Amino acid sequence: MRKRLAVVTGGTKGIGLSISRRLVAIGYQVVAPYRHDQDSAERAAKELGEGFTAVQADLADKDEVARISDLLLSRYGTPHVLVNNAGRNIDRPFLEMSDSDWDQVIEANLSAPFYLTRALAPAMMEGDGGSVVNVAATTGIRPRRNGANYCASKAGLLHLTKCLALELAPRIRVNSLIPGMIDTEEMNTRFRTDEPDFRDRLLAEIPQGRIGSPESMADALEFLVSDKASYITGQKIIVDGGQFMW
């Protein structure tokens, strides 16, 4: 019997890899589109084995989305789970932000989830239905400096989640998963957590007193795509140790 299929964009490293790892562990066949970084894709494929396949694609390109969607449906079947996790961040002060800085981030973080979900949802609706999870960001709710493009893209993704939850119900549930301070290479570099002073100031803002692990995101994802969350749609789950409490 063919395993249920999960598509995890950016599922070859960081939070995406933890999500891929968990879905493979609970019995899914995972296909992970990634934009570049072939080394990470090869390491993930070696670790996760035959339950995992990485495919290279630029999901901000509509033609690429059509190609990869046709490949997924013809070779692997209809997805039961779609995780729109891949994203891009180009920080710049607003008055210095170029058209390209804006376009690249909006295309990767907002347009790509729109294109891919639109491409796969009809087959999901005709099949067994399923679950879409959009990985958003706390800056989609609370702004920060030098990130107008990123904040706007993630705020848009949160509202896109609600619109899709309305229009794709009841066959497909659509929710957002929002990471707080999660122990990834990108977060460690951005917040300098290897330096005690910076780490201590960060931990003082988190009621749980610790930085979250990527596995904590996988825990929340596993719940959202399970039957235990069958009455949950159009919602956001924030995995942040209580830092924001929105």
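The model shown is predicted, which means the values in this text are computed figures rather than measured ones.

Side note on the pairing of strand E4 (residues 79–84)
Of all six residues that make up E4, six are buried, and the element is covered over most of its length. Across four bridges, E4 lies against strand E5 (residues 130–135) in parallel orientation. Of the residues in E5, the one forming a bridge with Val-81 is Ser-131. Of the crossover connections in this fold, the one passing from E4 over helix H4 (residues 99–126) to the parallel E5 is right-handed.

Some words on helix H8 (residues 214–224)
Every buried residue of H8 is listed here: Pro-214, Met-217, Ala-218, Ala-220, Leu-221 and Leu-224. Mapping the buried residues of H8 onto a view down its axis gives an arc of 165°, with all of them on the same face. Elements in contact with the buried residues of H8: helix H1 (14–25), E4, E5, strand E6 (172–179) and strand E7 (236–239).

Some details on the packing of H4 against helix H5 (residues 148–168)
Interhelical geometry of H4 versus H5 gives an angle of 15° and a closest axis separation of 8 Å. For the element pair H4 / H5, the angle class is roughly parallel. Note that H4 runs across H5; the crossing there is right-handed. In this structure, H4 contributes Asp-101, Trp-102, Val-105, Ile-106, Asn-109, Leu-110, Pro-113, Phe-114, Thr-117, Ala-121 and Met-125 to the contact, and H5 contributes Ala-148, Asn-149, Tyr-150, Ala-152, Ser-153, Lys-154, Gly-156, Leu-157, Leu-160, Leu-164 and Leu-168.

Considerations on the sheet that holds E7
With parallel pairing, the seven strands of this open sheet are ordered in space as E3-E2-E1-E4-E5-E6-E7. Two strands lie at the open edges of the sheet, namely strand E3 (52–56) and E7, each paired on one side alone. Shown here is a sheet whose adjacent strand axes are inclined to one another by a mean of 20°, direction ignored. Pairing of E6 with E7 involves four bridges; the strand directions are parallel. Note that in E7 the partner of Pro-179 across the bridge is Val-239. Contacts from helix H2 (residues 38–48) reach strand E2 (29–34) and E3 within the one sheet, and its direction differs from that of E3 by about 165°. Sitting on the sheet, H8 touches E4, E5, E6 and E7, and the angle it makes with E6 is about 165°.

Some details on helix H3 (residues 62–76)
Over its 15 residues, H3 runs 20 Å from end to end, which matches the ideal 21 Å to within 8%, given 1.5 Å per residue. The complete set of buried residues in H3 reads Val-65, Ile-68, Ser-69, Leu-71, Leu-72 and Tyr-76. The buried residues of H3 occupy one face: seen down the axis, they fall within an arc of 160°. Seen from the open side of H3, the exposed residues pointing more than 90 degrees away from its buried face are Asp-63, Asp-70 and Ser-74. Capping the start of H3, Asp-61 holds a side-chain oxygen 2.8 Å from the backbone nitrogen of Asp-63, two or three residues further along.

A word on the packing of aromatic side chains
Across all of its chains, the model carries one aromatic pair by this definition. Arranged with centres 5.8 Å apart and planes meeting at 65°, the rings of Phe-114 and Tyr-115 form a pair that is edge-to-face. Given the relative accessible area of 15%, Tyr-115 is considered buried. Lying across the ring of Phe-198, Arg-201 places its NZ or CZ 4.8 Å from the centre.

As for the nonpolar core
Core analysis: the biggest nonpolar cluster contains 29 residues, and Leu-59, Ile-68, Leu-116, Ile-172 and Val-174 have the highest contact counts within it. Put simply, the parts of the chain that give this core at least two residues each are strand E1 (5–8), H3, H4, H5 and E6. Apart from the residues within four sequence positions on either side, Leu-59 is in contact with Thr-9, Pro-33, Val-65, Ile-68, Ala-112, Tyr-115 and Leu-116.

So, how was this worked out
- Residues numbered from 1 in each chain as written.
- Predicted model: local features only at pLDDT ≥ 70, side-chain atom pairs only at ≥ 80, totals over all residues.
- Heavy atoms only, no water.
- Buried < 20%, exposed > 50% of the residue type's maximum accessible area, 1.4 Å probe, protein only.
- Helix = DSSP H or I, 4+ residues; strand = E, 2+ residues; numbered from the N terminus.
- Pairing = 2+ DSSP bridges.
- Right-handed = clockwise from strand over helix to strand, strands pointing away.
- Arc of directions from axis to C-beta.
- Contact = heavy atoms within 4.5 Å.
- Axes fitted to C-alpha atoms, helices over the stretch in contact; angles between N-to-C directions.
- Parallel < 35°, antiparallel > 145°, perpendicular 65-115°, else oblique.
- Left-handed = near helix turned anticlockwise from the far one by under 90°.
- Expected span 1.5 Å × (residues − 1).
- Polar contact = N/O pair within 3.5 Å; in protein donor to acceptor, adjacent residues only side chain to side chain.
- Phe/Tyr/Trp six-rings, centres within 6.5 Å; stacked < 30°, edge-to-face > 60°.
- Lys NZ or Arg CZ within 6 Å of the ring centre and 35° of its normal.
- Core = buried A, V, L, I, M, F, W, Y, C linked by side-chain atoms within 4.5 Å.

All we've got here are geometric facts, nothing functional implied.
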